[in-house]
Amino acid sequence: MTARIERVVTSGVVEIDDAEHKVENNTWIVGDDEEVIVVDPARDADKILEKVGEREVLAVICTHGLPDHVGAAIEVAARDEAVIALHPKDKRLWRQTWEETWPDIEMEDEGLFAVADVELEVLTTPGITQGGVSLYCEALGAVFTGKSLQADGPGRLGGEYPALADQLTAIGERLFTLPHGTRVLPAHGEESTIGDLEPQFDAWLSGSLTGGDEQHRESPLVDGTGASGITLKLDDE
């Protein structure tokens, strides 16, 4: 096997409901010495393409339609005329960043993307957004989880869980059924493994994430998110 996984980290500010949140984003590059797929191109296309080098970008895959997951998608894809993939339920979010374009591919559950000598399988993991997905690469023993699951537990949006019940259902049914040694590679922070995180699941279900407040959730918008006015400042800080 020649395929490998590489990480590019960028930082910047996401503005949600007039509050600024400084974040670091992981962009993941999967492939070999000839071709790659780019997952979650956050905000700095030059930095991402520098890591890609002369390799051909086959596809750009966005696990969510949020600005800090798609901010460099157009520029990264344009260099090699690569396709951009997004779940159709996140297309409205995409248009908050790219008002005059649409993604090329509408991802579906269990869809496959091939690169080098491996495949990435699409797992729908809604909760943060209705169209959130994770990408499982069995051959490399890794799952790219976007904001759905991070090393410290289920991800949040602006400090909130937009649809926690949906998010926990997706984590339990789609992610915690993967082998325990599977690397969890999120859009933010460091990696973990399924085996490290799965033992905490019962506590999450019991309310540890919200202090036992089962009603703790934002009223979702029509696009499935619980926060409005999401904007991304693209300049690195």
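Calculation notes
- Per chain, the residues get numbers from 1 upward, laid out in the order the sequence is written.
- Side-chain atom pairs in this predicted model are given and counted only at pLDDT of 80 or more, local residue features only at pLDDT of at least 70, and totals for whole chains, interfaces and linings cover all residues.
- To get the side-chain values, all heavy atoms of the structure are used, and hydrogens and water are removed first.
- Secondary structure elements are taken from DSSP: a helix is a run of H or I of four residues or more, a strand is a run of E of two residues or more, and numbering for both begins at the N terminus.
- Throughout, exposure labels follow a simple rule: accessible area from a 1.4 Å probe, protein chains only, divided by the maximum for the residue type, with under 20% read as buried, over 50% as exposed, and the rest as partly exposed.
- Strand pairing is defined by DSSP finding a minimum of two bridges between the two strands.
- Pairing of aromatic side chains requires ring centres within 6.5 Å, counting the rings of Phe and Tyr and the six-membered ring of Trp. Pairs whose planes differ by under 30 degrees are stacked, by over 60 edge-to-face, and all others tilted.
- Sitting over a ring, as applied to charges here, requires NZ of Lys or CZ of Arg to be within 6 Å of the ring centre and within 35 degrees of the ring normal.
- Along the arc lie the directions from the helix axis toward the C-beta atoms.
- A 3.5 Å cut-off defines polar contacts: any pair of N or O atoms within that distance qualifies, except that in protein one atom must be a possible hydrogen donor and the other a possible acceptor, and neighbouring residues in sequence count only when both atoms are side-chain atoms.

Some points on the environment of L93
Inference 1: In this structure, L93 sits in helix α4 (residues 91-97).
Inference 2: The buried category is assigned to L93, whose relative accessible area is 1%.
Inference 3: Here the alpha-carbon distance between L93 and H64, two residues 29 residues apart in the chain, equals 8.5 Å.

Observations concerning the sheet that holds strand β7 (residues 112-115)
Inference 1: In space, the six strands of this open sheet follow the order β7-β8-β9-β10-β13-β14, with mixed pairing throughout. Every other strand in the sheet has two partners, leaving β7 and β14 (192-193) as the edge strands with one partner each.

Remarks on the packing of aromatic side chains
Inference 1: Tallying each qualifying case throughout the model produces five aromatic pairs.
Inference 2: Both rings, one in W94 and one in W98, keep their centres 6.5 Å apart while their planes meet at 40°; by these two values the pair is tilted.
Inference 3: By relative accessible area, which is 0% here, W94 ends up buried.
Inference 4: Between F201 and W204, the ring centres sit 6.3 Å apart and the planes meet at 85°, which makes this aromatic pair edge-to-face. In this pair, F201 and W204 both sit in helix α7 (residues 201-205), three residues apart, roughly one turn of the helix.
Inference 5: For F201, a relative accessible area of 14% puts it in the buried group.
Inference 6: Residue classification places W204 among the buried residues on the basis of a relative accessible area of 5%.
Inference 7: An aromatic cluster is defined as three or more aromatic residues linked by ring pairs; in this entry it consists of F176, F201 and W204.
Inference 8: Above the face of the W102 ring, K91 is positioned so that its terminal group lies 4.7 Å from the ring centre.

What to know about helix α1 (residues 45-52)
Inference 1: Listing the buried residues of α1 in full gives A45, I48, L49 and V52. The arc that holds every buried residue of α1, seen down its axis, measures 95°, which confines them to one face. Turned more than 90 degrees away from the buried face of α1 sit D46 and E50, all of them exposed.
Inference 2: Regarding α1, its N-cap is D44, as a side-chain oxygen of that residue lies 3.3 Å from the backbone nitrogen of D46 further along.
Inference 3: Trailing α1 by a residue or two, G53 shows a phi angle of about 65°, which is positive.

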